[in-house]
Amino acid sequence: MQPAVQLSRVSKSFCVRRARRGGMSARVRDLFRPLTQTVHAIDGLSFSIAAGERVAFIGPNGAGKSTTLKVLAGILRPDAGDVRVLGFVPSAERRRLAFHIGTVFGQRSQLWFQLAPRDTFELLGRVYEIDRRQHRRRVAMLIALFGLDALVDTPVRHLSLGERMRCEIVASLLHSPRLLFLDEPTIGLDVSAKAAIRDLLRTESEREGTTLLLTSHDTGDIERVCGRVIVINHGRLLWDGPVAALRSAVTGDGALEDAPLDDVIRALYAQGIPGSCSS
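Overview of the structure. Computed from a prediction, not measured in an experiment: that's the story for all the values here.

This next bit is on the side chain of arginine 166. For arginine 166, the location among the structural elements is in helix α6 (residues 161-173). Among residues more than four places away in sequence, those in contact with arginine 166 are Phe146, Gly147, Leu148, Leu151, Ile197 and Leu200.

In structure tokens, the structure reads:
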């Protein structure tokens, strides 16, 4: 079966300006002959994700996660390597790919704040060119599944963060995407709202076979939603394997076997040793 996501030795770098030290003369030189520095955001990264997998994609700030997601979505073109997402080359077939992927960003919204969620769902149905009858059935099913009956006709600005995030996820699932990108989907939520979002994501993935690629600094998201974790740092792969195997792999002596996953991941960043474990 064709993987949902396939990266092979992918690299992406950026040329950034670096300010000179000094006074006005240094600023003038910067204007006409700027100093630049090449930053390698992705450095020979390779991994694949099977259809229906739920994978956590994590790393410290500046590790290259956002750049990788933008490459997968077709927003950025890689400098080198091969990328396939659902059989598409993202940078060359971005418009076609968009009909098969969904996105949920914890700190960005695709809902119109002045409108009720139901109105946004109707607009998105037109954007994705969904048959009207099929769209109504899909909306009704997702509203029932996510418990939104009492919320869908309330303007988004009046919803709590947890209620809004449930609506965000429904909006991302309206067109039945085969792959869902989730960036910090539970950020800022209370404990009960986080638990509800995690359960809904896992249930929907299992029910429809949707592939999930989740980035989060909350280890609860990783442990309760995903079965596999990919860890990167400085654009390179540090670890790829089952969540359950991560603790024993970081220290062979089992010293972190019972430690919180936060401590295990920090230890992996500190070691910086690439590794993998087949599931």
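Once that is clear, we can look at empty space enclosed by the protein. Using the criterion set out here, one finds one cavity of 30 Å³ or more in the structure. The space that makes up the largest cavity amounts to roughly 30 Å³. Together, Leu173, Leu180, Leu201, Glu204, Ser205, Thr210 and Leu212 line the largest cavity. Top contributing element to the lining of the largest cavity by residue count: helix α7 (residues 191-208), with three residues. Partitioned by chemical class, the residues of the lining of the largest cavity number four nonpolar, two polar and one charged.

Per the counting criterion, the structure on display carries two aromatic pairs. Ring geometry for phenylalanine 99 against tyrosine 128: centres 6.1 Å apart, planes inclined by 80°, an arrangement best described as edge-to-face. You can see phenylalanine 99 sitting in the loop between α3 (94-98) and β5 (101-105) and its partner tyrosine 128 sitting in the loop between α4 (117-127) and α5 (132-145), a full 29 residues away along the chain. For phenylalanine 99, a relative accessible area of 33% corresponds to the partly exposed category. The lysine or arginine in question, arginine 108, covers the ring of phenylalanine 105, its NZ or CZ lying 6.0 Å from the ring centre.

On to the side chain of serine 172. Locating serine 172 in the fold gives a position in helix α6. Exposure remark for serine 172: the relative accessible area of 2% places this residue in the buried category. At a separation of 2.7 Å, a polar atom in the side chain of serine 172 contacts the main-chain carbonyl oxygen of isoleucine 169. Among all residues touching serine 172, those that are not within four sequence positions of it are Gly102, Thr103, Val104, Gln110, Pro177 and Leu180.

Here the focus is the packing of α4 against α6. With their axes 10 Å apart at the nearest point, α4 and α6 run at an angle of 20° to one another. Classified by the angle their axes make, α4 and α6 are roughly parallel. Viewed along their axes, α4 and α6 form a crossing whose handedness is right-handed. Only Cys167, Val170 and Ala171 of α6 make contact with α4, whose side of the interface consists of Pro117, Phe121 and Leu124.

Where α5 meets α7, the axes come as close as 12 Å, and the angle between the chain directions of the two elements is 135°. Comparing their axes, α7 and α5 come out oblique. Where α5 abuts α7, its residues Arg138, Met141, Leu142 and Leu145 lie against Leu200, Glu204, Arg207 and Glu208. Residues belonging to the contact of α5 with α7 are distributed by class as follows: four nonpolar, no polar and four charged.

With mixed pairing, the six strands of this open sheet are ordered in space as β5-β6-β7-β3-β8-β9. Of all strands in the sheet, those bounded by a partner on one side alone are β5 and β9 (236-242). Averaged over all pairs of adjacent strands, the angle between strand axes in this sheet comes to 15°, irrespective of strand direction. Across five bridges, the pairing between strand β6 (residues 179-183) and strand β7 (residues 211-215) is parallel. If you follow phenylalanine 181 over to β7, its bridge partner there is leucine 213.

This part is about the environment of glycine 125. With respect to the helices, strands and loops of the structure, glycine 125 is situated in helix α4. Of the residues examined, glycine 125 reaches a relative accessible area of 4% and is grouped as buried. It is 7.2 Å that separates the C-alpha atoms of glycine 125 and leucine 174, two residues lying 49 residues apart in sequence.

A word on the sheet that holds strand β2 (residues 35-49). In space, the three strands of this open sheet follow the order β2-β1-β4, with antiparallel pairing throughout. Strand pairing shows two members of the sheet lacking a second neighbour, β2 and β4 (80-85), which therefore form its edges. On average, each strand axis in the sheet is inclined to that of its neighbour by 35°, with strand direction left out of account. As judged from the five bridges shared by strand β1 (residues 5-18) and β4, these two strands associate in the antiparallel manner.

How each quantity is defined
Residues numbered from 1 in each chain as written. Predicted model: local features only at pLDDT ≥ 70, side-chain atom pairs only at ≥ 80, totals over all residues. Heavy atoms only, no water. Helix = DSSP H or I, 4+ residues; strand = E, 2+ residues; numbered from the N terminus. Contact = heavy atoms within 4.5 Å. 1 Å grid on protein atoms, 1.4 Å probe; cavity = no way out; pocket = protein on both sides within 12 Å on 5 of 7 lines; lining within 4 Å. Points joined across faces, edges and corners; volume = space filled by probe spheres on them. Nonpolar A, V, L, I, M, F, W, Y, C, P; charged D, E, K, R; others polar. Phe/Tyr/Trp six-rings, centres within 6.5 Å; stacked < 30°, edge-to-face > 60°. Buried < 20%, exposed > 50% of the residue type's maximum accessible area, 1.4 Å probe, protein only. Lys NZ or Arg CZ within 6 Å of the ring centre and 35° of its normal. Polar contact = N/O pair within 3.5 Å; in protein donor to acceptor, adjacent residues only side chain to side chain. Axes fitted to C-alpha atoms, helices over the stretch in contact; angles between N-to-C directions. Parallel < 35°, antiparallel > 145°, perpendicular 65-115°, else oblique. Left-handed = near helix turned anticlockwise from the far one by under 90°. Pairing = 2+ DSSP bridges.

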